[in-house]
Amino acid sequence: MRLQMFSAFFAALVLVTTLGVYILYEPTRQDRARADLLTSQIHQGEIVFAQNCAVCHGGAGEGLGANPALANPGLRETDYETLAKTIARGRYNTAMPAWSVGDGGPLNDAAIEALVALIQHGDWQTTRLVVADLGLTPRAPISVTIPAETLAQITALPDGAKLANAAQLYAANCIACHGANGKATALAPALNDAKIRAERTADQLNKTITQGIAATLMAGWNQRLTPAQIADLVLLIQRWDKLPANAIPEPPPQPIIVTPKILETGKNLYAQNCSWCHGTEGQGTRRAPALNVQSFFQKVTSDAAMTLIVTNGVPKTAMPAWGERLGVSEIEAIVAFARQWQATAPAVAMPQTGGGGGPPWQRNNAAPNLQPLAPNQTGAATPGAPNLGQIDWRQIVLLGAPGIALLIALGASTWALWRLRDSE
Ligand code: HEC
Ligand code: HEC
Ligand code: HEC
């Protein structure tokens, strides 16, 4: 009898405690669930943003050219409805397209919700890395390096439109090697130079830029620039002294974004494409010079210059123009990987032996024996969009546990009361 009263009391106690704990715990649990959902929405938003929006709004939402920044405090405070509507319907008569399926776009409601979550609560520095990991960082438009007022001054000169065009082409393609204002770097001679203006004819300059200079870092540009663009560049080299001083200043350094995934991609691409000539650790072979050596990094200081060398190759040597085989972000991944050697590069390289006992690389101008690459063989994989509708088992357990405890407590107290009645 005592025992039964005791168990009835105990069961009631369990019941009350469980309920109490549950009531106390429930709000935090809901908060946590909400926070989890928001985190996963933001992450989905980052991926959707990388695939659809970064091209205009910039990898970190900083805005590119005429396209506004999305990383701004004003938009963070903007209400859900306004943001969702802007994205879904676009802005009529502007470059901002409509994105919702309902308006003929590619994005469903969940994707647009995720984008709003990103704009209101996301972190743009994380987004920048996600965009880079997917190989979708947009290239900055070239016009940004020359201030608008300088461009206007250049345009006012005779043949000004051509000179202004050439100045922008120079800023985009040549500055990394020939330096700000054409004043040379460790990699390449000055082009803004009285001697060149006096001694080179337009034809000579045109030929140099079109075809390059054999076995030097000066590659031919006929694949990348039109004859008219090359003619404008020739005009610039011949009339550089008429331009305002400091017209084409040093662009802000744009180091390649580095993430563990990009380094991994770069490592694999290097192993597949470069190591058989430049050595497994960049130490050089008979076929090609070392890259993992101090003198190389003293010469090639900027990532932009290294990217240009790899993209355009070295004319009339075994060094191919990789721009014809690899994508921009693949080449940048290789450059990021090679840049890692800089800190520990030895003063003197010890080239890997082997390579068939042929002549040293300097004399080996034989056509490279390159295996064809399958297109996008090693391109960064695009992860599947996360599925927001997935069942979260943790939530079921969290909800289920108090329920089961309640059932047990109820069962126990009914049983105890039953026994109590029986014994009377
Ligand atoms: C083709 C270029 C382009 C693309 C791609 C693009 N946008 Fe835009 N976006 C613009 C332009 C231009 C504007 C400014 C429109 C205006 O003048 O009102 C804009 C405006 C916006 C605004 C309003 C900004 C403000 O300050 O009011 C939001 C929000 C926005 N875009 C989000 C997105 C999202 C999200 C995506 C990807 C799904 C995207 N955009 C893709 C060009 C683009
Ligand atoms: C990867 C580095 C690199 C890039 C990028 C580059 N150059 Fe050169 N350029 C060189 C080097 C190195 C030389 C000197 C070659 C030699 O030793 O004769 C050179 C030489 C020249 C010359 C010959 C100068 C003379 O004395 O006659 C011209 C003209 C020239 N470059 C124009 C350009 C233009 C225009 C661009 C952009 C479209 C450009 N270069 C981009 C590395 C580069
Ligand atoms: C078929 C052999 C071969 C392959 C493959 C090759 N290179 Fe080269 N590379 C050369 C040779 C030869 C030179 C030297 C050219 C010269 O200046 O005479 C060179 C030069 C270079 C330079 C300039 C070095 C300097 O000191 O000026 C860089 C940077 C470079 N290669 C990077 C790469 C990268 C990155 C890859 C892989 C994507 C690659 N190379 C693949 C043969 C090769």
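Here, every reference points to the structure presented above.
Model, not experiment: these values are computed from the prediction. (Residues numbered from 1 in each chain as written. Chains lettered and ligands numbered in written order. Predicted model: local features only at pLDDT ≥ 70, side-chain atom pairs only at ≥ 80, totals over all residues. Heavy atoms only, no water.)

Engineer: Just to check I follow, could you spell out the site of ligand 3 for this structure?
Structural biologist: What surrounds ligand 3 is a group of 23 residues, the closest being Cys274, Cys277, His278, Lys299 and Met319. Taking His278, its side chain carries an N or O atom lying 2.8 Å from a nitrogen atom of ligand 3. Going through the elements one at a time, α14 (275–278), α15 (294–299) and α16 (303–312) are the ones with two or more residues in the shell around ligand 3. Broken down by element, the shell around ligand 3 gets its largest block of residues, 3 residues, from α14. Partitioning the shell around ligand 3 into residue classes produces 18 nonpolar, 3 polar and 2 charged. (Near = heavy atom within 4 Å. Polar contact = N/O pair within 3.5 Å; in protein donor to acceptor, adjacent residues only side chain to side chain. Helix = DSSP H or I, 4+ residues; strand = E, 2+ residues; numbered from the N terminus. Nonpolar A, V, L, I, M, F, W, Y, C, P; charged D, E, K, R; others polar.)

Engineer: What exactly am I supposed to notice about the coordination of the iron atom of ligand 1 here?
Structural biologist: When four donors bind a metal tetrahedrally, each ideal donor-metal-donor angle is 109.5 degrees, and when six bind octahedrally, the ideal angles are 90 or 180 degrees. Bound to the iron atom of ligand 1 are the protein donor atoms His57 (NE2) and Met96 (SD), situated 2.1 Å from the metal. Note that the iron atom of ligand 1 binds 6 donor atoms; their angles at the metal cover 84 to 178°, and the shape is octahedral. Residue His57 is located in helix α2 (residues 54–57), and its partner Met96 is located in the loop between α4 (80–89) and α5 (109–121); the two are separated by 39 residues in the primary sequence. For His57, a relative accessible area of 9% gives the class buried. (Donors = N, O, S within 2.8 Å, 3.2 Å for Na, K, Ca; no water. Tetrahedral: all angles 85-135°; square planar, octahedral: opposite > 155°, others 65-115°. Buried < 20%, exposed > 50% of the residue type's maximum accessible area, 1.4 Å probe, protein only.)

Engineer: Help me understand the packing of α16 against helix α17 (residues 328–339), please; the structure alone is not making it clear to me.
Structural biologist: Each pair of packed helices can be described by the angle between their axes along with the distance between the axes. Look at α16 against α17: their axes get within 10 Å of each other, and the N-to-C directions meet at 125°. Considered as vectors, α16 and α17 are oriented oblique to each other. When you trace α16 past α17, the crossing you get is right-handed. For the pair formed by α16 and α17, the contact residues are Asp303, Met306, Thr307, Val310 and Thr311 on the first element and Ile331, Glu332, Val335, Ala338 and Arg339 on the second. Classifying every residue of the contact of α16 with α17 gives 5 nonpolar, 2 polar and 3 charged. (Axes fitted to C-alpha atoms, helices over the stretch in contact; angles between N-to-C directions. Parallel < 35°, antiparallel > 145°, perpendicular 65-115°, else oblique. Left-handed = near helix turned anticlockwise from the far one by under 90°. Contact = heavy atoms within 4.5 Å.)

Engineer: Before we go on, may I ask you to explain the environment of Ala271 in this structure?
Structural biologist: Tracing the backbone shows Ala271 in helix α13 (residues 260–273). Note: C-alpha distance between Ala271 and Gly282 (11 residues apart in sequence) is 9.9 Å.

Engineer: Just to check I follow, could you spell out the site of ligand 1 for this structure?
Structural biologist: Lining the immediate environment of ligand 1, one finds 18 residues, of which Cys53, Cys56, His57, Arg91 and Met96 sit closest. Between ligand 1 and the protein, one listed contact pairs an oxygen atom with a side-chain N or O atom of Arg91 at 2.7 Å. Every element with two or more residues in the shell around ligand 1 is listed here: α2 and α4. A breakdown of the residues in the shell around ligand 1 according to their chemical character gives 12 nonpolar, 5 polar and 1 charged.

That's the geometry; what it means functionally is another story.
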